[in-house]
Every structure is written in C-alpha cells, then in structure tokens.
Amino acid sequence: MRSIYPEGVDKVVELVGSSTLQASLRCLKLGSTGSMSGMLAESWSSPQFVPMDFIPAMGRLTTYNSGQVTNPAMAFQHYIRQVEAGQI
C-alpha cells in the first residue's frame, strides 16, 4: 500500500476485524481516520490492542455497528444517497 501511497491514505475501513486492525491503521497518514466496521474473521477483541501504538498520531479510530442503528429507514436511505452522490 505504501508503495502506491507513500504518505498514506486519508481513510481506511477495516472489514476483517481486530486481527488486521493494526495493519489497516498503518496505511493512514497523520491526522486521518480509520473505521472498524466489520468482523469477517469473527475475532471480536484484541488482547494486544494498544491505542497509542495502533492509532497514528493525531488520528481517529471510529466504529460502526449496524446492530446499534435505530434511525428510521428514511434517514438511512438519505445517508445512502449522500454516499452515492459523493457527498460523504
């Protein structure tokens, strides 16, 4: 990844889970955002997780869990339209 984007990337979406989280966050440039939204590896935690080592300087790590979404369907559809339009 760094051979293509030596400075890193602005955003990363982690879909596999805690087993690949650190590698995904290493792709970020300083001050960027990583979001963990998947658990394809069925690994729900990482005993080695050290936030200061995993998250790049001035960076952010967010999570998304659709099981916690309680917004009405219209609000979610509005969000999808914004993503499709490149606004998000």
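Data block above holds the structure.
Residues numbered from 1 in each chain as written. Predicted model: local features only at pLDDT ≥ 70, side-chain atom pairs only at ≥ 80, totals over all residues. Heavy atoms only, no water.

Chemist: Tell me about the nonpolar core, and name the residues and values.
Modeler: Among the nonpolar cores identified, the biggest contains eight residues, and these are Val-9, Val-12, Leu-21, Leu-25, Cys-27, Leu-28, Met-36 and Phe-54. Elements that contribute at least two residues to this core include exactly β1 (9-14), α1 (21-25) and β2 (28-36). (Core = buried A, V, L, I, M, F, W, Y, C linked by side-chain atoms within 4.5 Å. Buried < 20%, exposed > 50% of the residue type's maximum accessible area, 1.4 Å probe, protein only. Helix = DSSP H or I, 4+ residues; strand = E, 2+ residues; numbered from the N terminus.)

Chemist: An account of unusual backbone geometry is requested, with residue identities and associated values reported.
Modeler: Of note, the phi angle at Met-58 is positive, near 60 degrees, even though the residue is not glycine. Within the secondary structure layout, Met-58 lies in the loop between α2 (51-54) and β3 (60-63).

Chemist: So, the packing of aromatic side chains: which residues are in play, and what are the values?
Modeler: Summed over the entire model, instances satisfying the criterion amount to two aromatic pairs. Judged by centre distance (5.0 Å) and plane angle (80 degrees), the ring pair of Phe-49 and Phe-54 falls under edge-to-face. Judged by centre distance (6.4 Å) and plane angle (25 degrees), the rings of Phe-76 and Tyr-79 are stacked. One end of the pair, Phe-76, and the other, Tyr-79, are both in helix α3 (residues 73-84), three residues apart, so they sit about a helical turn from each other. On the basis of relative accessible area, Phe-76 is assigned to the partly exposed category, the value being 40%. By relative accessible area, Tyr-79 is classed as partly exposed at 40%. (Phe/Tyr/Trp six-rings, centres within 6.5 Å; stacked < 30°, edge-to-face > 60°.)

Chemist: Summarise the sheet that holds β1; cite the residues concerned and give the values.
Modeler: The strand order across the open sheet built from three strands is β1-β2-β3, with neighbouring strands paired in parallel fashion. Where the open sheet ends on each side, the last strands, each with one partner, are β1 and β3. On average, each strand axis in the sheet is tilted by 15 degrees relative to the strand beside it, whichever way the strands run. Two elements, β1 and β2, share five bridges in a ladder whose sense is parallel. Bridge pairing links Val-12 to Gly-34 in β2. (Pairing = 2+ DSSP bridges. Axes fitted to C-alpha atoms, helices over the stretch in contact; angles between N-to-C directions.)

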